[in-house]
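Examining the three-dimensional arrangement
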Amino acid sequence: MVDVTEKEMDNPTFRSDTVLSDVHLHCPNKRHLMVRLNAVGQPVFLSYFKFLWNTEDLASERHVREVTRGREHQYESGDELCDKDRDSIKKEKEFNSEGVEALLDDDGDLEVVRRPRSASDLEAEDLLRDIVCPVILMKGREDASEDEERECTCSDVVKIEHTMATPLEDVGKQVWRAAFLLADYILFKRDTFRSSLVLELGGGTGITSIIMGTVAKRVYCTDVGEDLLAMCEQNIALNKHLVEPGGGEVKVRELDWLKDEFCTDPEGPFSWSEEEIADLHDHCSVIMAADVFYDDDLTDALFRTLYRITNNLRKSCTVYLALEKRLNFTLRHMDITCEAYSHFRKNLNDLENLQDGNIKYTVEPIKVDFCQFLVYERIEQL
């Protein structure tokens, strides 16, 4: 028997062993190659994410999802049904009106009427299978096919090494939807970011910094953890064919929000030089962060870091923040809430209302109605 005090009951704590990103589940016909194990033994995958440079590309991706929804609507409405389908529906109605006895055979056994499977059903199911079940190939780079090798140098594909599932402290090693949303906005507003110096906070796998690097002059992609930063640097090397033509540069650097200073240890592989810190303070005009608001303490730390950095900039700066509102049922509220988002909004309001004679913050929402340039599921919670 276990005694549980009233205080413990009022403050239950639930912990999850792993956190899984579902971005890779919405990439039709994309392969996810397991290329290696990282320093802590986690499987690392290489995924190809396609750019949708025209409306035909986007329409073809949407068609995959619409086929199955259209089939379901057709079945429910009864449009263009074959004779066998109509017979099946008729029998189902007989069952609803007459009960189980209408489906008993001569021996009293129950006969369950099922809708016949047509060729179109099988084809639609194949499309659906491609959406939700990515093919995971357990092989290394040396076994990649010729088609994959050709795809690696295409200008319409970004290659990202990432993990599929991690503990909460390693979620930066996964790919998240808000990073794609911010990348879409960068591609939509190319001229706004052209030749800029940009700082990304919590860059993770580096996908947003890579996209920004195609138009910006220099991007400092920052995060914490040597294993994560090494993965990020590898992704930048994999996509140099996208960044180099525009003359851009992406540098991976450590930036810990829980510390008040830049890491300048000369022996650290991702440390800042004094010249780089001065470069950031003198020329930075854009700061960005995507899907980093999931823990209240880290959110507080990020806003403190944001305040510290912007106060040292020599010129005005625009900060772009992208996130996904994740709804959860909590016992404390006995309702579905979005506490991480609420805490983010509180910090954002405090920043805007800050009375500081040196700097003023203005918050403006951006409508998520701009073009989609990457293959992912743009849900309404983004």
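Naming follows an unreviewed UniProt entry, where the chain appears as Methyltransferase-like protein 22 of Sapayoa aenigma. Quoted verbatim from the Subcellular location (unreviewed entry) field of UniProt, the annotation for the chain is "Nucleus". UniProt annotates the chain under Subunit (unreviewed entry) with the comment "Interacts with members of the heat shock protein 90 and 70 families; these proteins probably are methylation substrates."

Topic: the packing of aromatic side chains
Summed over all chains, the structure comprises 14 aromatic pairs. On the numbers, 5.7 Å between centres and 45° between planes, the contact of tyrosine 185 with tyrosine 320 is tilted. Of the two residues, tyrosine 185 sits in helix α6 (residues 177-188) while tyrosine 320 sits in strand β11 (residues 318-322), which places them 135 residues apart along the sequence. Across the pair, tyrosine 320 and tyrosine 185 agree in class, each one buried. Ring pairs connect the aromatic residues Tyr185, Phe188, Phe193, Tyr320 and Phe370, which therefore count as one cluster. Sitting over the face of the ring of phenylalanine 262, arginine 308 holds its NZ or CZ atom 5.7 Å from the ring centroid. For lysine 325, the ring lying beneath its charged end belongs to tyrosine 341, and the centroid distance is 5.0 Å.

Quick word on helix α13 (residues 339-352)
Taking 1.5 Å of rise per residue, the 14 residues of α13 would be expected to cover 20 Å, and the 20 Å separating its terminal C-alpha atoms lies within 8% of that figure. Among the residues making up α13, those that are buried are His343, Phe344, Asn347, Leu348 and Leu351. For α13, the angular spread of the buried residues around the axis is 140°, confining them to a single face. The inward-facing, buried residues of α13 abut α12 (296-311) and β11.

Looking at the side chain of aspartate 184
Take aspartate 184: it is sitting in helix α6. Judged by relative accessible area, which is 0%, aspartate 184 ranks as buried. In this structure the side chain of aspartate 184 is engaged in a polar contact, spanning 3.2 Å, whose partner is the backbone nitrogen of leucine 374. Aside from chain neighbours lying at most four places away, what touches aspartate 184 is Phe370, Cys371, Gln372, Phe373, Leu374, Tyr376 and Arg378.

A word on the pairing of strand β10 (residues 284-290)
In terms of burial, β10 is largely enclosed, as seven of its seven residues are buried. In terms of strand pairing, strand β7 (residues 197-200) meets β10 through four bridges, oriented parallel. Of the residues in β10, the one forming a bridge with leucine 197 is cysteine 284. For β10 and β11, the ladder comprises five bridges, and the chain directions are parallel. Bridge pairing in β11 places valine 286 opposite threonine 318. A crossover connection joins β10 to the parallel β11 through α12; in handedness this β-α-β unit is right-handed.

Here's the deal with the environment of alanine 322
Of note, alanine 322 is situated in strand β11. Residue class for alanine 322 comes out buried when judged on its relative accessible area of 6%. If near-sequence neighbours (up to four positions away) are discounted, alanine 322 is found in contact with Ala178, Leu182, Ala289, Ala290 and Asp291.

Cut-offs applied
Residues numbered from 1 in each chain as written. Predicted model: local features only at pLDDT ≥ 70, side-chain atom pairs only at ≥ 80, totals over all residues. Heavy atoms only, no water. UniProt positions renumbered as here; feature names shortened; annotations may be inferred. Phe/Tyr/Trp six-rings, centres within 6.5 Å; stacked < 30°, edge-to-face > 60°. Helix = DSSP H or I, 4+ residues; strand = E, 2+ residues; numbered from the N terminus. Buried < 20%, exposed > 50% of the residue type's maximum accessible area, 1.4 Å probe, protein only. Lys NZ or Arg CZ within 6 Å of the ring centre and 35° of its normal. Expected span 1.5 Å × (residues − 1). Arc of directions from axis to C-beta. Contact = heavy atoms within 4.5 Å. Polar contact = N/O pair within 3.5 Å; in protein donor to acceptor, adjacent residues only side chain to side chain. Pairing = 2+ DSSP bridges. Right-handed = clockwise from strand over helix to strand, strands pointing away.

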